Amino acid sequence: MRRPNILIVDDEVSNIEIISAILEDDHEVCFATSGEEALQVARAELPDLILLDVLMPGIDGYEVCRQLKADAVLADVPVIFTTALGDQEAEVKGLELGAIDYVTKPVAPVILRARVRNHLDMKRMRDELAELAVTDALTGLGNRRCLETRLAQEAARLAARGEMLSVIILDVDFFKRFNDLYGHAEGDRCLTMVAAALNRAMHRSNHLAVRYGGEEFACILPGLAHEEAMEMARSILTRIQALGIPHSASDIAPHVTVTAGVATAACRAEVEPQRWIVAADRQLYAAKAAGRNTVSGRFYDAVALAEL
Amino acid sequence: MAELEDLLARRSLRARRVFEALEAALQGQGAAEIAPLRAALGALDYAAAATALTALAETLGLAKEKTA
């Protein structure tokens, strides 16, 4: 099991030595001796908890805390202020800036260990809850919230260089009939197998497959040109047909098939990420109208996408 | 030595334990370069420690790419 990583920030080396001696047996400990270095190390190491001195030359602990809480990646890292100051005003200021706790030096080893353990436990539980909130319980893929968050992140990232973003939406053909014929347990098994096949098709680390809802799935494919995204969609259809899940109530094939809509556009800051979903959904309906078990796609320019 | 280099870059306090193991393994080799490395680690001056580690690697005839 991974040992929690704790960042100690203090301009006094002796204070770092004292605190690390208390924590080193049960944690990975790294350190920084200035506010500037603390921010660098925090960004590089993504610690599970930060013990932060208030009074330091240059950027003080309050400013470090302020910058940590303004950073989307680091905002959830618990910060405990460690300082010789004992006045209530300083304590309130630290807590108002987002620190989770406050300990005064000299630190009592038993108290520090207990507080660190409690805050690490709480962070672990928060992280697990956050993960559950974006995970589809049946398939283990991301859920709709995951899709929306990731789509917004990728669209913003790619907009800086006007790079391509493709979205595929897929629908299991005649799934209601499948459920009616084989029962919900088999329906769940079918969705789980389709999800696994879809996930296996995501070759790049930044490609994401999610369960969009019911029998609908979606893929976010940053950096793929339209024809590459179309090819990806076709390969997904082939993979799912190859599963050979019997579906005698389908009008198309004796096994489970899917239909896919693909939308590709260059990212622009002024185009809402949701437009890709709307566009892919339209292509999905076009593919359904064309008889299902097929792919329909379109490359959109920024104006066409924004007008959807 | 590569592990120590990595731990120094990551500002990890485990670097000191890894250094102790390295010092024992060297059995007196590179003693002149070991002393400043030990002093830098003791002072938590990791920039100086990284410099001393590079000097130690050179003394021991280890090219930089072999330690990376």
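Our structure is the block above this text.
Residues numbered from 1 in each chain as written. Chains lettered and ligands numbered in written order. Predicted model: local features only at pLDDT ≥ 70, side-chain atom pairs only at ≥ 80, totals over all residues. Heavy atoms only, no water.

Let's shift gears to the interface of chain B and chain A. Every contact between the two is made by 11 residues of chain B and, on the other side, 13 residues of chain A. Summed over both sides, the interface between chain B and chain A buries roughly 1100 Å², with carbon and sulfur atoms accounting for 45% of that surface. The three residues of chain B that bury the most area against chain A are Arg-11, Leu-13 and Leu-44 of chain B, which together make up 50% of that side's buried surface. Scanning the region where chain B abuts chain A turns up five salt bridges. Between Arg-17 of chain B and Asp-25 of chain A there is a salt bridge; the shortest N-O distance is 3.4 Å. Inspection of the region where chain B meets chain A yields seven residue pairs in polar contact (both at pLDDT 80 or more). Residues of the side of chain B that touches chain A, tallied by class, amount to four nonpolar, two polar and five charged. (Contact = heavy atoms within 4.5 Å. Buried area = accessible area lost by both parts, 1.4 Å probe. Salt bridge = Lys/Arg side-chain N within 4 Å of Asp/Glu carboxyl O. Polar contact = N/O pair within 3.5 Å; in protein donor to acceptor, adjacent residues only side chain to side chain. Nonpolar A, V, L, I, M, F, W, Y, C, P; charged D, E, K, R; others polar.)

Residue and element names in this part refer to chain A. Taken across its five residues, strand β2 (residues 28–32) has five buried, putting it largely inside the fold. Of the two faces of β2, the one carrying Glu-28, Cys-30 and Ala-32 and the one carrying Val-29 and Phe-31 are both buried. Where strand β1 (residues 5–9) and β2 come together, five bridges link them in parallel fashion. Residue pairing for β2: Asn-5 is matched across the bridge by Glu-28. The handedness of the β1 to β2 crossover, carried by helix α1 (residues 13–23), is right-handed. (Buried < 20%, exposed > 50% of the residue type's maximum accessible area, 1.4 Å probe, protein only. Helix = DSSP H or I, 4+ residues; strand = E, 2+ residues; numbered from the N terminus. Pairing = 2+ DSSP bridges. Right-handed = clockwise from strand over helix to strand, strands pointing away.)

Residue and element names in this part refer to chain A. Read from one edge to the other, the open sheet built from five strands follows the order β2-β1-β3-β4-β5, with strand pairing classed as parallel. Looking at strand neighbours, the two that pair on one side only are β2 and β5 (101–104), the edges of this open sheet. Here the average twist between neighbouring strands, direction ignored, is 20 degrees. Pairing geometry for strand β3 (residues 49–53) and strand β4 (residues 79–83), over four bridges, is parallel. Residue Leu-52 lies in a different strand from β4, and its bridge partner there is Phe-81. (Axes fitted to C-alpha atoms, helices over the stretch in contact; angles between N-to-C directions.)

Residue and element names in this part refer to chain A. At their nearest, the axes of helix α2 (residues 35–45) and helix α3 (residues 61–69) sit 9 Å apart, and the two run at 25 degrees to each other. Taken together, the axis directions place α2 and α3 in an arrangement best described as roughly parallel. Seen along the crossing, α2 lies across α3 with a hand that is right-handed. Of α3, the residues touching α2 (which contributes Gly-35, Ala-38, Leu-39, Ala-42 and Arg-43) are Val-64, Gln-67 and Leu-68. Taken together, the residues of the contact of α2 with α3 break down into five nonpolar, two polar and one charged. (Parallel < 35°, antiparallel > 145°, perpendicular 65-115°, else oblique. Left-handed = near helix turned anticlockwise from the far one by under 90°.)

Core analysis: the largest hydrophobic core is formed by 35 residues, its most contacted members being Leu-23, Leu-51, Leu-112 and Val-116 of chain A together with Leu-4 and Leu-37 of chain B. Of all hydrophobic cores here, the second largest spans 32 residues; its members include Ala-197, Met-202, Ile-245 and Val-262 of chain A. (Core = buried A, V, L, I, M, F, W, Y, C linked by side-chain atoms within 4.5 Å.)

Now for the layout of surface pockets. Residues and elements named next belong to chain A. Counted as a void, the largest pocket has a volume near 460 Å³. Looking at the largest pocket, it is lined by 14 residues, and the ones nearest its centre are Ala-72, Val-73, Asp-76, Asp-127 and Ala-130. When residues in the lining of the largest pocket are grouped by element, the largest group, four residues, is from helix α5 (residues 109–133). Looking at the lining of the largest pocket residue by residue, the classes come out as eight nonpolar, one polar and five charged. Approximately 400 Å³ is the volume found for the second largest pocket. In terms of lining residues, the second largest pocket is bounded by 15 residues, among which Arg-2, Pro-4, Leu-120, Asp-121 and Arg-124 are the most central. Looking at which element gives the most residues to the lining of the second largest pocket, the answer is α5, with eight residues. (1 Å grid on protein atoms, 1.4 Å probe; cavity = no way out; pocket = protein on both sides within 12 Å on 5 of 7 lines; lining within 4 Å. Points joined across faces, edges and corners; volume = space filled by probe spheres on them.)

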